[in-house]
Amino acid sequence: MLPIRSRRRFRGALALAAALAMLAGACGSDGDDDEAATEGGDAESAAETTTTTGADEEAADDAAADGDAEESGDGEVAQIRWFVGLGTGAQPEQIDVQDEVVAAFNDAHDDIELTVEYVDNEVAADTLATQIASGNAPDIIGPVGIRGSNEFAGQFLDLEPLIESSGFDLSMFGDEQVEVWREDDGALTAVPFGAYPSFIYYNTELFDEAGLPYPPHTVGEDYDGEPWTMEKLQEIATFLTVDANGNDATSAEFDAGNIVQFGFNHQWGDDARAQGSFFGAGTFVADDGTAQIPDVWLDEWNWYHDMIWDVGAAPTQAYLDSELLNGDNTFTTGNMAMVFSHIWYTCCIRNDDNTGKTFWDIAVVPTYEGNTTSKLHADVFRILDSTEHPEAAFEVMSYLVDEAAGDLLNTYGSMPAREDIQDAFFAGLDETFPQGVDWDVAREMLDYPDVPSHESDMPNFLEAEARIDQFESLIASEASMDVDAEAESLRADLDEIFAAGSS
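On a predicted model such as this, the values are computed, not experimentally measured, just so you know.

### Section: unusual backbone geometry
- For the peptide bond that leads from G142 to P143, omega is 5 degrees, which places it in the cis range.
- Following the sequence through the fold, P143 ends up in strand β4 (residues 140–144).
- Omega for the peptide link from V451 to P452 comes to 5 degrees, which places this bond in the cis form.
- In this structure, P452 sits in the loop between α16 (440–445) and α17 (461–475).
- The backbone of W268 sits at a positive phi, close to 50 degrees, despite the residue not being glycine.
- Mapping W268 onto the fold places it in the loop between β8 (259–266) and α10 (272–276).
- Looking at W268, the relative accessible area reads 8%, which means it is buried.
- Here the phi dihedral of N460 falls at roughly 55 degrees; this positive angle occurs in a residue that is not glycine.

Structure below.
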C-alpha cells in the first residue's frame, strides 16, 4: 500500500475513477480500469452499515451471528457472508450492483444463501478484526488488495484443494498473475481478479518536439538501436529536462534552479518499496525475520537521488509541491516527459470536463540488469480459514470472479486480470482517450509482476511503514543525503521494529 500522504491522493483518485468508469460506461457487462478501484469508503456513511440480500433480514442476521446453517448435502442451506469494505465496494453507487450480483447468485442456487455486509473503509479493518475475535467472522472478504490483507495474514484458506476438487479453471489467468497470490509456504490464498500493472506514461508532444523516438512498447525491443535500460531512460530524461532559457540538462548552461520541464518522475509512488521495485522485486523481511535492504532497491534509491540532485532530470520536493507540477500531479501539466505509474493513473489525466488529455501514450518498463519488473496493485476476494462451509464459500468466490466479474469490475473501475474480458475494459478507456493508447503494453506488463510484492506484510507493519516513509522523504528533499548510510540506518531501525512486533 502507499504511504499516508500518497494513500490520500490514491483514494481520491480512485474514487473519481470508479465514478467516471460507471458514468462514462467505461466498459460493458463483460469487463470494465489504476485501479480504477477506490480504497476509500463513503465518508458520509455510518461507521458500519450491513445490507443483506436474498433473505429475510432478521433471519440473515441470526444466521450470521450463529453460523449454524448446515451444508446443502444434508438438505440445509449454507449461509455465506461476504464482507465488503476493506478496499473498494462500499460506496453508494457500487452497492446496487453488488446487491444485484448477490440476488442473481441466490436465484440460481437453492443450496447456498449469500448475504453481503457493507462496512465503511475507515473502520472496516477494525470491524473485521472484532468479528474474527468474537467468533463471528464472515466467510468471504473483498475486494481487497495486498496491503489491505496484511492485517489478516495467516487467516486465509488455501484454495488449492478446492480448485482441484471443483475443476476451477485457472487458465483464464496468466501463470504469473496466479503466482502473485501464493504464500511462502506454497498455499494459494486468492485467485486473480482486478489488476493494476505499472508502466511508463510518456508525453508524445515533448518527444516530438525534441525529435526523439518514442520509448519501446514491447519488452526486449530496442530504443533507437540500443537496449531499453534504466541508463537509456536516464539519458533521454536528461535531454528532455529543460530550464527557462531553453537549455537541457546535458548543457553546461543548464539552470537547475529554474527548470520548466522535467524528464522523469515516480508519479504518486512516494514509497521507498514502490520506488525500489522499479529496478526489481524485493522485501525488507529476511528469511530469518530480521530486516534487510534488497540490493536492487538500494541501487534504485541511489539512482533516483542522483536523477534529482546530480542529473537534475527528476523533480525535488520543492518542484513537486509547486504550481509548475500541479502540486505533484506532475504528468497532467504537460511539463513532465515520462512518469512511472499504474493503470489506475488514467483516472487523473483528465480535463475539467472529464475528457481525457490526449498528449500521451504508454511504454514498457526499462530493464535493470536484464530484468523487467512492473510493480503490481491488485484486488481479490479471500476466504477466511474459519469458514464452516469452505466448498460453498469457494462456489461463491468462483461466481464472483467468473460469471459476475464483468459487472463487478465495471463498478469497481478495475482492469480485469482475466485476459478474455479485457477488450471491453480498454474499449471504454479508448472512448475517454481517443488518441490511440497502446493498451497492449498494460497487458504485457501483467507478465512481469513484482514477486514478492512491494506491499507484502512486515512484522509490526504500521510502525515499520512509518519509518520507511521517513527514509523515502529524504530522497527528494535532501541533496546531501548519503543514501547508503541512511539505508543502513533504516535497516537497523527496522530490525528493532520487526523484533518488537514479533515478541
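Right, picking up where we left off after that structure.
### Considering a negative patch on the surface
- Together, D158, E183, D184, D185, D287 and D288 give the surface a local cluster of negative charge.
- Along the chain, D158 turns up in the loop between α5 (146–149) and α6 (160–166).

### A short note on the pattern of salt bridges
- Under the counting rule described, the total for this entry stands at 14 salt bridges.
- The partner of E117 in a salt bridge is R81, and the shortest N-O contact between them spans 2.6 Å. Of the two residues, E117 sits in strand β3 (residues 112–119) while R81 sits in strand β2 (residues 78–84), which places them 36 residues apart along the sequence.
- Looking at E117, the relative accessible area reads 7%, which means it is buried.
- Across the pair R418 and D420 runs a salt bridge whose closest N-O atoms are separated by 2.7 Å.

### Examining the sheet that holds strand β6 (residues 198–203)
- The mixed open sheet is built from 5 strands, whose spatial order is β7-β8-β9-β6-β10. With one partner strand each, in any of the chains shown, β7 (242–243) and β10 (360–363) form the two edges of the open sheet.
- Pairing geometry for β7 and β8, over 2 bridges, is antiparallel. Bridge assignment links D243 to a residue of β8, and that residue is I259.

### Observations concerning the packing of aromatic side chains
- This model, assessed by the stated rule, comprises 34 aromatic pairs.
- A ring pair is formed by Y201 and Y345, whose centres lie 5.4 Å apart and whose planes are at 90 degrees; its orientation type is edge-to-face. One end of the pair, Y201, is in strand β6; the other, Y345, is in the loop between β9 (336–342) and β10, and 144 residues separate them in sequence.
- Y345 gets classed as buried once you look at its relative accessible area, which sits at 0%.
- Geometrically, the ring pair formed by W297 and W301 is tilted, given 6.4 Å between the ring centres and 50 degrees between the ring planes. Taken together, the residues W297 and W301, both in helix α11 (residues 295–311) and 4 residues apart, mark about one turn of the helix. The same class applies to W297 as to W301, namely buried.

Definitions and cut-offs
Residues numbered from 1 in each chain as written. Predicted model: local features only at pLDDT ≥ 70, side-chain atom pairs only at ≥ 80, totals over all residues. Heavy atoms only, no water. Helix = DSSP H or I, 4+ residues; strand = E, 2+ residues; numbered from the N terminus. Buried < 20%, exposed > 50% of the residue type's maximum accessible area, 1.4 Å probe, protein only. Patch = residues over 30% accessible without salt bridge, like charges linked within 9 Å, V, L, I, M, F, W, Y side chains within 5 Å. Areas by Shrake-Rupley, 256 points an atom, 1.4 Å probe, with all protein chains shown as cover. Salt bridge = Lys/Arg side-chain N within 4 Å of Asp/Glu carboxyl O. Lys, Arg positive; Asp, Glu negative; His and termini not counted. Charge placed at Lys NZ, Arg CZ, Asp CG, Glu CD. Pairing = 2+ DSSP bridges. Phe/Tyr/Trp six-rings, centres within 6.5 Å; stacked < 30°, edge-to-face > 60°.

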